Amino acid sequence: MKFLQSIQKFVGHPYFYLFGLVLLAISLPLSKFTTSVSQFLIAGTWLIKPGLYERFKSLKKSKALLVFLSFLFVSVAGLLYTSNYVYALNDLKTKLPLLLLPVVIASSEKIEPQRFKIIGIFYILALLVSSMVSAYLFFTKYPHEIFNLREISIFVPYISLSVQICIGIGLLAYFILFRSNQGISIKIAGYAISIWFTVFLFILQSFTGLIIVFTLAGLFFAKTIRLIPNYWLKTCLSILFIGSFISFSLYTSLEIINNNKIKESSQIPNHVSTSKGNAYTHFPENTQMENGYFVNRYICEKELREAWNLRSNIKFDSSDQAGHRIKYTIIRYLTSLGLRKDAEGLNALSNEDIQMIEAGYANSIFKKKYSIYPKIYVAIKQIENLQTGGTGRGNSVTQRIVAYQIGLKIISENLIFGVGTGDIETEFEKEYNKKYSSFVKYSDSVGVNQFVCTTVSHGIIGLFILLLAMFYPIFICKKQNEYFVWIWMVIFVLYMLSEEIFKFQTPTTLFAYFYSLFIFGVEKK
């Protein structure tokens with residue numbers, strides 16, 4: 001008995017609870033394993049420490065918590081009319097953090113500002129480590145050894161890391177801008193880390209992360225500009241901020257226009273041959289283009305094969321490192337540079353160009369590793385592929401478009417209650433097969449956003465309850481004017497408009513952790 005009492009006293013110490021919260025904060029950007037371990041630690045502490053009965057009583061009295069948990073009740077109720085119980089039970093397991101973290105944090109002692117600061121500092125430091133490791137891989141391995149930019153995020157999923165960086169920027173902005181008691185050295189470090197996080201988002205080239213950070217920047221600017229008393233300074237800063245955004249938009253737009261402008265005549269001259277006297281092959285009916293040049297014109301495959309095999313260990317008739325037929329990668333890459341597809345054109349390539357082709361890059365723009373345009377180029381090409389009869393498979397943008405089309409069709413047929421907790425997988429695969437006569441696993445696809453997914457599974461009733469569970473507790477707890485609540489709303493609403501976040505453990509835990517901290521945990525100011 002004394003041993004049990006000693007354990008209860010030990011785990012009941014406020015610092016032990018704080019340790020669990022800090023460990024979870026550190027784990028979110030660094031380790032899926034310790035993310036799970038820290039949640040078991042927090043839950044175990046909650047169950048073992050004295051006062052369990054009182055904590056249960058407090059849960060019954062928490063209207064805000066019960067409203068938040070109503071979404072989980074909907075997911076459980078969805079078991080009554082689903083047929084795929086394997087998927088449904090796995091879905092409920094993934095959503096466990098939505099039960100565990102709010103219950104524990106809402107019924108535990110309030111987190112004082114100083115302790116919340118400790119959590120925030122450790123979280124920012126963990127993000128700094130994660131971003132530095134990813135940046136190292138970007139600068140040393142990408143694009144020749146790591147071909148997919150997403151793979152530089154080795155600890156957590158790529159989009160989850162970009163969203164967490166945005167949370168880090170939000171926390172830093174609070175500590176820098178709205179905490180007047182911070183020393184000058186702390187503020188300088190905060191500014192430096194904020195700048196690095198912003199640069200890192202451009203390195204990641206995550207559209208979701210960039211949209212969120214631009215939105216946050218606009219909100220921060222709108223809030224701080226009002227504090228400047230000088231009218232002319234305020235006006236100049238406003239012009240500078242808006243001008244920077246417009247300049248970036250214009251630069252990106254002009255680059256898109258320039259790279260898609262037709263740069264050669266659509267007419268093919270007769271009797272044109274290579275410098276070696278060999279005939280070109282043309283396919284004028286195929287209008288595919290790279291950087292404004294027609295792909296399927298001025299091709300001399302005989303010369304390409306001979307010249308390529310002299311410069312590369314990957315043979316002309318084999319595949320590149322991305323798994324594509326390398327001869328098509330060569331043809332597209334040469335086209336992107338405005339070169340003809342013959343020995344002369346291939347010999348004009350640099351050694352870096354040869355490495356890019358071997359790695360599977362079909363356009364010279366991918367040499368611009370610090371530019372966001374290659375990401376836009378990929379999206380444009382994916383949409384073009386879908387418009388010309390492609391299925392969207394293997395392409396994140398077009399898979400998303402197809403998923404939305406299918407999702408909206410399923411919603412129209414199951415508007416009120418949806419298809420059930422587990423049948424979204426079955427219905428999606430059935431509709432995809434019907435639309436394209438080919439099979440794709442829902443688990444391997446780029447899906448719809450969280451709001452559409454919820455409506456597919458639980459109908460408009462489920463969507464209404466999700467929105468109620470997210471926002472009504474904010475007003476019950478009278479935290480609608482709290483800085484961190486607004487940060488959470490901006491980040492996670494945009495995140496949920498982009499991704500199906502409750503499909504995976506890391507983003508679900510991220511959502512539940514910060515919602516619970518900001519709404520139920522941190523003391524109201």
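Structure shown above.
Model, not experiment: these values are computed from the prediction.

Trainee: Looking at this structure, how should I read the nonpolar core?
Mentor: Generally speaking, soluble globular proteins have nonpolar side chains that are buried together. Judged by nonpolar contacts, the single largest core of 116 residues is most densely connected at Phe511, Tyr513, Phe514 and Leu517. For this core, the leading source of residues is helix 9 (residues 158-177), giving 14 residues. The contacts of Phe511, once residues within four sequence positions are left out, are Phe68, Leu98, Met470, Trp488, Phe492, Met496, Ile501 and Phe502.

Trainee: What exactly am I supposed to notice about the packing of aromatic side chains here?
Mentor: Pairs of aromatic rings are described using the distance from one ring centre to the other and the angle between the two planes. Here the structure, examined in full by the defined rule, presents 30 aromatic pairs. Arranged with centres 5.3 Å apart and planes meeting at 40 degrees, the rings of Tyr361 and Phe366 form a pair that is tilted. In this structure an aromatic cluster arises from ring pairing among Phe68, Phe71, Trp488, Phe492, Tyr495, Phe502, Phe511, Tyr515 and Phe520. Here the guanidinium or amino end of Arg340 rests over the ring plane of Tyr298, the centre of that ring lying 4.0 Å away. Over the ring of Phe138 we find Lys369, and its NZ or CZ is 4.7 Å from the ring centre.

Trainee: It is not clear to me how the packing of helix 8 (residues 113-141) against helix 22 (residues 505-521) should be interpreted in this structure. Could you clarify?
Mentor: Angle between the axes and distance between the axes: these two values describe a pair of packed helices. Between helix 8 and helix 22, whose axes approach to 12 Å, the crossing angle comes to 155 degrees. When the axis of helix 8 is compared with that of helix 22, the two are roughly antiparallel. Classified by chirality, the crossing of helix 22 by helix 8 is left-handed. For the pair formed by helix 8 and helix 22, the contact residues are Phe116, Ile119 and Tyr123 on the first element and Leu510, Tyr513, Phe514, Leu517 and Phe518 on the second.

Trainee: What exactly am I supposed to notice about the pattern of salt bridges here?
Mentor: Should the charged atoms of two oppositely charged side chains come close, the side chains can pair. Across all of its chains, the model carries eleven salt bridges by this definition. In this structure, Glu145 engages Lys141 in a salt bridge whose closest nitrogen and oxygen atoms are separated by 3.5 Å. With a relative accessible area of 53%, Glu145 lands in the exposed category. Lys141 gets classed as partly exposed once you look at its relative accessible area, which sits at 29%. Here Arg332 makes a salt bridge to Glu290, at a shortest N to O gap of 2.7 Å. Residue Arg332 is found in helix 14 (residues 326-336), and its partner Glu290 is found in strand 1 (residues 289-290); the two are separated by 42 residues along the sequence. The exposure class of Arg332 is partly exposed, given its relative accessible area of 25%. Residue Glu290 is classed as buried on the basis of its relative accessible area, which comes to 0%.

Trainee: What's the story with unusual backbone geometry in this structure? I'm lost.
Mentor: Excluding glycine, most residues fall at negative phi; most peptide bonds, likewise, are trans. Phi is positive for Gln205, close to 55 degrees, though the residue is something other than glycine. Summarising the element assignment, Gln205 is placed in the loop between helix 10 (184-204) and helix 11 (207-225). Using a relative accessible area of 4% as the deciding quantity, one classes Gln205 as buried. Even without being a glycine, Asn291 presents a positive backbone phi close to 55 degrees. Summarising the element assignment, Asn291 is placed in the loop between strand 1 and strand 2 (293-294).

Cut-offs applied
Residues numbered from 1 in each chain as written. Predicted model: local features only at pLDDT ≥ 70, side-chain atom pairs only at ≥ 80, totals over all residues. Heavy atoms only, no water. Core = buried A, V, L, I, M, F, W, Y, C linked by side-chain atoms within 4.5 Å. Buried < 20%, exposed > 50% of the residue type's maximum accessible area, 1.4 Å probe, protein only. Helix = DSSP H or I, 4+ residues; strand = E, 2+ residues; numbered from the N terminus. Contact = heavy atoms within 4.5 Å. Phe/Tyr/Trp six-rings, centres within 6.5 Å; stacked < 30°, edge-to-face > 60°. Lys NZ or Arg CZ within 6 Å of the ring centre and 35° of its normal. Axes fitted to C-alpha atoms, helices over the stretch in contact; angles between N-to-C directions. Parallel < 35°, antiparallel > 145°, perpendicular 65-115°, else oblique. Left-handed = near helix turned anticlockwise from the far one by under 90°. Salt bridge = Lys/Arg side-chain N within 4 Å of Asp/Glu carboxyl O.

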